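Single-letter residue listing:
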Amino acid sequence: MVEKRISPQSSALIGELEVPGDKSISHRAVIFGSLAKGRTKIDHFLDGEDCLRTVDIFQKMGVSIEQQGETVVINSDGADSLIEPKEPLYFGNSGTTARLMIGLLSGLPLFTTIYGDASLSKRPMDRVILPLSDMNATIFGRSGGKLLPLAISGKELQAIQYTLPVKSAQVKSALLLAGLFANGETIITEKAKTRDHTETMLGAFGVKLNVDGNTIRMDGKQSLKPTRIYVPGDISSAAFFLAAAAAKPNSSLVIKKVGLNPTRTGIIDVLMQMGAQIEIRNEERIGGELLGDVKISSSSLKGIEISGDIIPRLIDEIPIIALLATQAKGKTVIKDAEELRVKETDRIAAVVEVLTTLGASVTATKDGMIIEGSQELTGGNISAYNDHRMAMMGAIASFFTKEDIIIDDISSIAISYPSFFEDLKRITTN
Ligand SMILES: O=C(O)C1=C[C@@H](OP(=O)(O)O)[C@@H](O)[C@H](O)C1
Ligand SMILES: C=C(OP(=O)(O)O)C(=O)O
């Protein structure tokens, strides 16, 4: 446990910053690089705990991966060369590693057992196991096959046509990874578009797939060709500073080379709708992914309703959006976000608890929350619930409190943003 006391921050957020690489893209780069025969180099990789779990798993299956900070070099003999790990594979806190790897391991001729930390062991895995079972996968798990630990007896799978009942890029990606090694054509339809990094990166690794609206079609038995990947800055990490700068008077901040994939920019749309001043500059596309510089200046903000198809485009940003809403004029209503209940912690309950402790008026609903605006925040003892996004939201709250904030444990921040406090220091003056 690493407790942290943060005094009220009077400084505005000023300057330029590049945030670490995108977590979702970093995971996928390691997975696809390990499946491709040859050398894949990844630049601006996220050196965070979740992505290091994915690296470790492929090393345990015999892939040569050299990782030094933000540079990763993978030399693989391809998917056929992966060896059966002698020990159970540990997925730590990472839902993305778990869901994607369950999909992949189901279709490879290996027996594996997998487990995670206390948080991951509570998160639902049946959302991937059920469609994989339809593909003929053999997976056994705790709690009637719903929870980790799992045992997977990988084998040849049969492609399926599937409409995702949950709006989840992890489920979509798990099925695409299983589909890569299956017989036949995998057809996946989503009700709302979720992050499409898997589809984009499969294309960069030479896999042929067809995306038509919300439907993806991909033939199985395709092989991947190695490539070079540049990982854009993680907009989900940038979101903490963008939100702080939007509301803290006299702020002017530029986040450079941040990922601007439209399936991830719900936070930019929300900030604009709330009245933030935002400019996007220097847009470019690398490896199919859009990135650019985002300039934000403080302004007076208003509360809005956030619901429907935008939710998957900002799902991980809801804790920081909720904090921001306490500083806007009027009410903010968040709906259709029941997925928050099955993240690292129940993020609806956690956000409401933390903001209430800080003196805000927030009500939980079954699929979101209602946040009153123009709230003066006090300070006090809060829990991070062992959840990186809750810990960073708590730290940013110090820009708006009158008293110190004491966060029970900030160690989870290393999951997605190990240099969070150093970066925060660079853009503030106190
Ligand atoms: O595919 C991914 O990389 C992710 C998808 C989202 O989860 P769901 O697929 O559960 O919505 C997101 O919350 C998570 O941080 C990363
Ligand atoms: C939900 C998250 O990640 P994961 O599902 O990979 O644990 C997150 O990073 O906010």
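Residue numbers here run from 1 along each chain, matching the order of that chain's written sequence. Here the convention is simple: chains get letters from A, ligands get numbers from 1, in the order in which they are written. With the structure being a predicted model, the display of local features is reserved for residues of pLDDT at least 70 and the display and counting of side-chain atom pairs for 80 or more, all residues being used for whole-chain, interface and lining totals.

## As for the UniProt feature "binding site: 3-phosphoshikimate" (unreviewed entry) in the protein chain
Short version of the rule: UniProt positions are given in the numbering used here, feature names are shortened, and annotations may be inferred rather than shown by experiment. A helix here means a DSSP run of H or I that spans at least four residues, while a strand means a run of E at least two residues long, and both kinds are numbered starting from the N terminus. Residue burial is a threshold on neighbouring C-beta atoms within 10 Å of the residue's own C-beta, all placed from the backbone, with 20 or more meaning buried, 12 or fewer meaning exposed, and counts in between meaning partly exposed. Note on contacts: residues are paired as contacts if their backbone-placed C-beta atoms lie within 7 Å.
UniProt marks Lys23, Ser24, Arg28, Ser168, Gln170, Asp316 and Lys343 with the feature "binding site: 3-phosphoshikimate" (unreviewed entry), using the numbering shown here. Relative to the helices and strands, serine 24 resides in helix H1 (residues 23–35). Overall, the presence of 28 C-beta atoms within 10 Å leaves serine 24 in the buried class. Non-local contacts of serine 24, meaning those with residues more than four positions away in its chain, are made with Thr96, Arg195 and His197. The residue arginine 28 is located in helix H1 in this model. Taking the number of C-beta atoms within 10 Å as the measure of exposure, arginine 28 has 26 and is therefore buried. For arginine 28, the residues in contact, after removing those within four places along its chain, are His197, Thr198 and Met201.

## Some points on the sheet that holds strand E1 (residues 4–6)
Cut-off, in case you're wondering: Pairing between strands is defined by DSSP: at least two bridges between them are needed. Axis definition: a line fit to C-alpha positions, over the contact stretch in the case of helices; interaxial angles, taken between N-to-C directions, run 0 to 180 degrees.
Taken in spatial order, the 3 strands line up as E1-E23-E22 in an open sheet, and their pairing is mixed. The open sheet has two free edges, formed respectively by E1 and strand E22 (380–382), since each of these has just one partner strand. Strand after strand, the sheet turns through a mean of 20° between neighbouring axes, direction not considered. The strands touched by helix H12 (residues 388–397) are E1, E22 and strand E23 (405–407); relative to E23, the strand with the most contacts, the crossing angle is about 165°.

## What about unusual backbone geometry?
The amide bond that connects leucine 148 to the next residue, proline 149, takes the cis arrangement and shows omega of -5°. With respect to the secondary-structure elements, proline 149 resides in strand E9 (residues 147–153). A positive phi angle, close to 90°, is found at asparagine 136, a residue other than glycine. Within the secondary structure layout, asparagine 136 lies in the loop between helix H4 (126–134) and strand E8 (138–141). Exposure remark for asparagine 136: the 16 C-beta atoms within 10 Å place this residue in the partly exposed category. A positive phi angle, close to 55°, is found at asparagine 386, a residue other than glycine. Counting through the fold element by element, asparagine 386 comes out in the loop between E22 and H12. Note on asparagine 386: 20 C-beta atoms within 10 Å, which makes it buried.

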